[in-house]
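Remarks on the overall topology
Spelled out from the first residue to the last, the chains are:
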Amino acid sequence: MTECSDWHVLADRMRRCVACSELAASRQHVVVGEAPPSARLMFVGEAPGASEDEQGRPFVGKAGQVLDAALVAAGLSRDEVAVANVLKCRPPGNRRPLPAEIGNCRGWLTAQLDLVRPALVVPLGLTSIAWFLGPSKLLLREVRGRVHDVDGLRVLPTYHPSGALRYGPNGEPMRALRADIALAASLAT
Ligand code: SF4
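In this report, we go over the structure that sits alongside the text. As the structure is a prediction and not an experimental result, all values here were calculated from the model.

**Observations concerning the site of the ligand**
Close contacts around the ligand come from Cys17, Ala19, Cys20, Leu23, Arg27, Lys88, Cys89, Asn104, Cys105 and Trp108, and that covers them all. Considering only residue class, the shell around the ligand consists of 7 nonpolar, 1 polar and 2 charged.

**Details of the side chain of Glu52**
With respect to the secondary-structure elements, Glu52 resides in helix α3 (residues 50-55). Despite its burial, Glu52 pairs with no opposite charge, the nearest such side chain being Arg90 at 7.1 Å. A polar contact is formed between the side chain of Glu52 and the backbone nitrogen of Gly49, at a distance of 2.9 Å. If sequence neighbours within four positions are ignored, Glu52 has contacts with Val31, Arg57, Pro58, Phe59, Val60 and Gly61.

**Describing helix α9 (residues 172-188)**
Compared with the 24 Å implied by 1.5 Å per residue over 17 residues, the 24 Å span of α9 between its first and last C-alpha is a close match. Turning to α9, its buried residues number three or more, namely Pro173, Met174, Ala176, Leu177, Asp180, Ile181, Ala184, Ala185 and Ala188. For α9, the elements touching its buried residues are β1 (41-45), α4 (62-73), β3 (120-123) and α8 (161-165).

**Overview of the packing of aromatic side chains**
Taken as a whole and judged by the stated rule, the model has 1 aromatic pair. In this structure, Arg106 is placed above the aromatic ring of Trp131, and the distance from its NZ or CZ to the ring centre is 4.0 Å.

Calculation rules
Residues numbered from 1 in each chain as written. Predicted model: local features only at pLDDT ≥ 70, side-chain atom pairs only at ≥ 80, totals over all residues. Heavy atoms only, no water. Near = heavy atom within 4 Å. Nonpolar A, V, L, I, M, F, W, Y, C, P; charged D, E, K, R; others polar. Helix = DSSP H or I, 4+ residues; strand = E, 2+ residues; numbered from the N terminus. Buried < 20%, exposed > 50% of the residue type's maximum accessible area, 1.4 Å probe, protein only. Lys, Arg positive; Asp, Glu negative; His and termini not counted. Salt bridge = Lys/Arg side-chain N within 4 Å of Asp/Glu carboxyl O. Polar contact = N/O pair within 3.5 Å; in protein donor to acceptor, adjacent residues only side chain to side chain. Contact = heavy atoms within 4.5 Å. Expected span 1.5 Å × (residues − 1). Phe/Tyr/Trp six-rings, centres within 6.5 Å; stacked < 30°, edge-to-face > 60°. Lys NZ or Arg CZ within 6 Å of the ring centre and 35° of its normal.

These figures capture arrangement, not role.
Here it is in structure tokens:
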């Protein structure tokens, strides 16, 4: 994937980040994310898992396979969209990110959004949704599947592929995830 030079400059700075001492000590890679210069859609997950930490790429495990399949069904491929996470480093044991870690990493994702300037952002799962919509008592089923205006940024929340997988390939969350990604593709292309 070809990314713009500013993205690479930002990525180099991110890879040296040690703001979260526990994560910096345990990570194998800082998983920066990926963004082709022409990306109009940007997906934002929670944090790298074991496969992502090992390979240094976002969404390469089972969740990535679900995301890729939903993109293909919507007429898109991974090479056409930007993908990043709220946290760039894997929390040990895949625990939930701590509020302090989310705060530490906030500037990196903000800088990525400023660089990519996507037509539409799709936060995947509650951690990412709260990053964009605010940490109030959000119910995913109530906010998903429609566009929210967040300070001029168009945001369409949906389930995290890992969360949807827990309900099976034909469960309601998986159907909602596929429908939301198809809607996102139609709105951003
Ligand atoms: S999670 Fe983000 S802020 Fe924390 S060490 Fe990694 S890159 Fe830095």
